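One letter stands for each residue in the lines below.
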Amino acid sequence: GAVVSQHPSRVICKSGTSVKIECRSLDFQATTMFWYRQFPKQSLMLMATSNEGSKATYEQGVEKDKFLINHASLTLSTLTVTSAHPEDSSFYICSAGWGSTVFFGSGTQLSVL
Amino acid sequence: KQEVTQIPAALSVPEGENLVLNCSFTDSAIYNLQWFRQDPGKGLTSLLLIQSSQREQTSGRLNASLDKSSGRSTLYIAASQPGDSATYLCAVDKGGGSQGNLIFGKGTKLSVKP
């Protein structure tokens, strides 16, 4: 079946550094991918919609200059958290639709010290 | 603004029990509703998807119902097993052509005791 691969699964970094998270659709092409964020005891919240070959669409309240999204090919979208701070510590997860099904990556737990 | 609520937040049952998880949403104009399973440190696994025109879907020991007019869905798990222990998430798709633009509830953390 269709699989979405997400790397890394866990990142610990110092405040001020940038972190890149990759999301790949392994056996299907995804013109659209989605990035979500989940804080402890909260629901998954959509951050942005990643569109292949064009700019991402960000949800209200999400800083596009802080969370850079690049969807350069039909199988890869990347989320870069620039100048990460402790308040950016969260679980980040991507998804892509194929047919009538949505497939999620395994998620990335980001901890900013 | 669409809001999705799940109750209970946590549930602990002995093995073999049948159980029901509840999900409610505030805006009945949905494209579909999905139930997911989330295991610690892992991604989400889609369990059941109910289109807005459907009333229920079944897969094995799982049955999900949808009452769009009242903004409610239930996930019924029959003969629960310890392997069912996980967090169950309900999500509605707003539609609009971008499959995967989902609004999630906070989930129900299920623990099935052997």
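Predicted model, so just to flag it, every value in this text is computed and none were measured.

Peer 1: Can you lay out the pattern of salt bridges for me, pointing to particular residues and giving the numbers?
Peer 2: Residues and elements named next belong to chain A. Taken as a whole and assessed by the stated rule, the structure comprises 4 salt bridges over all chains. Arg-24 serves as the salt-bridge partner of Glu-22, at 3.4 Å between the closest nitrogen and oxygen. Judged by relative accessible area, Arg-24 falls into the partly exposed class, the value being 34%. One salt bridge in this structure joins Lys-66 and Asp-88, with 2.9 Å as the shortest N-O distance. Remark: Asp-88 occurs in the loop between strand E8 (76-81) and strand E9 (90-98) and Lys-66 occurs in the loop between strand E6 (57-58) and strand E7 (67-73); sequence separation between them is 22 residues. Classification of Lys-66 by relative accessible area gives buried; the value is 12%.

Peer 1: Lay out the sheet that holds strand E7 (residues 62-67) of chain B with the relevant residues and their values.
Peer 2: Residue and element names in this part refer to chain B. On the basis of which strands lie adjacent, the open sheet formed by 5 strands has the order E1-E3-E8-E7-E6 and antiparallel pairing. For this open sheet the edge positions go to strand E1 (4-7) and strand E6 (56-59), each flanked by a neighbour on one side alone. Going from strand to strand, the sheet's axes swing by 15° on average, the running direction of each strand aside. By the bridge criterion, 6 bridges tie strand E3 (residues 19-25) to strand E8 (residues 72-77) in an arrangement that is antiparallel. Of the residues in E8, the one forming a bridge with Ser-24 is Arg-72.

Peer 1: Pulling in residues and values, what's your account of the packing of aromatic side chains?
Peer 2: Counted by the stated rule, this structure contains 7 aromatic pairs over all chains. An angle of 50° between the planes, with centres 6.1 Å apart, marks the rings of A:Phe28 and A:Phe103 as tilted. Here A:Phe103 lies in strand E10 (residues 101-104) and A:Phe28 lies in the loop between strand E3 (19-25) and strand E4 (32-38), a separation of 75 residues in the sequence. Look at A:Phe28 and you get buried, because its relative accessible area is 5%. One aromatic cluster in this structure is built from A:Tyr36, A:Phe104, B:Phe36 and B:Phe104.

Peer 1: Tell me about the sheet that holds strand E1 (residues 4-7) of chain A, and please be specific about residues and values.
Peer 2: Residue and element names in this part refer to chain A. The 4 strands lie next to each other as E1-E3-E8-E7, forming an open sheet whose pairing is antiparallel. The open sheet terminates on both sides in strands that have one partner only, identified here as E1 and E7. For this sheet, the mean inter-axis angle between neighbouring strands, taken without regard to orientation, is 15°. Summarising the sheet, E3 and E8 pair through 6 bridges and their orientation is antiparallel. Within E8, the position partnered with Cys-23 by the bridge is Ser-77.

About the cut-offs
- Residues numbered from 1 in each chain as written.
- Chains lettered and ligands numbered in written order.
- Predicted model: local features only at pLDDT ≥ 70, side-chain atom pairs only at ≥ 80, totals over all residues.
- Heavy atoms only, no water.
- Salt bridge = Lys/Arg side-chain N within 4 Å of Asp/Glu carboxyl O.
- Buried < 20%, exposed > 50% of the residue type's maximum accessible area, 1.4 Å probe, protein only.
- Helix = DSSP H or I, 4+ residues; strand = E, 2+ residues; numbered from the N terminus.
- Pairing = 2+ DSSP bridges.
- Axes fitted to C-alpha atoms, helices over the stretch in contact; angles between N-to-C directions.
- Phe/Tyr/Trp six-rings, centres within 6.5 Å; stacked < 30°, edge-to-face > 60°.

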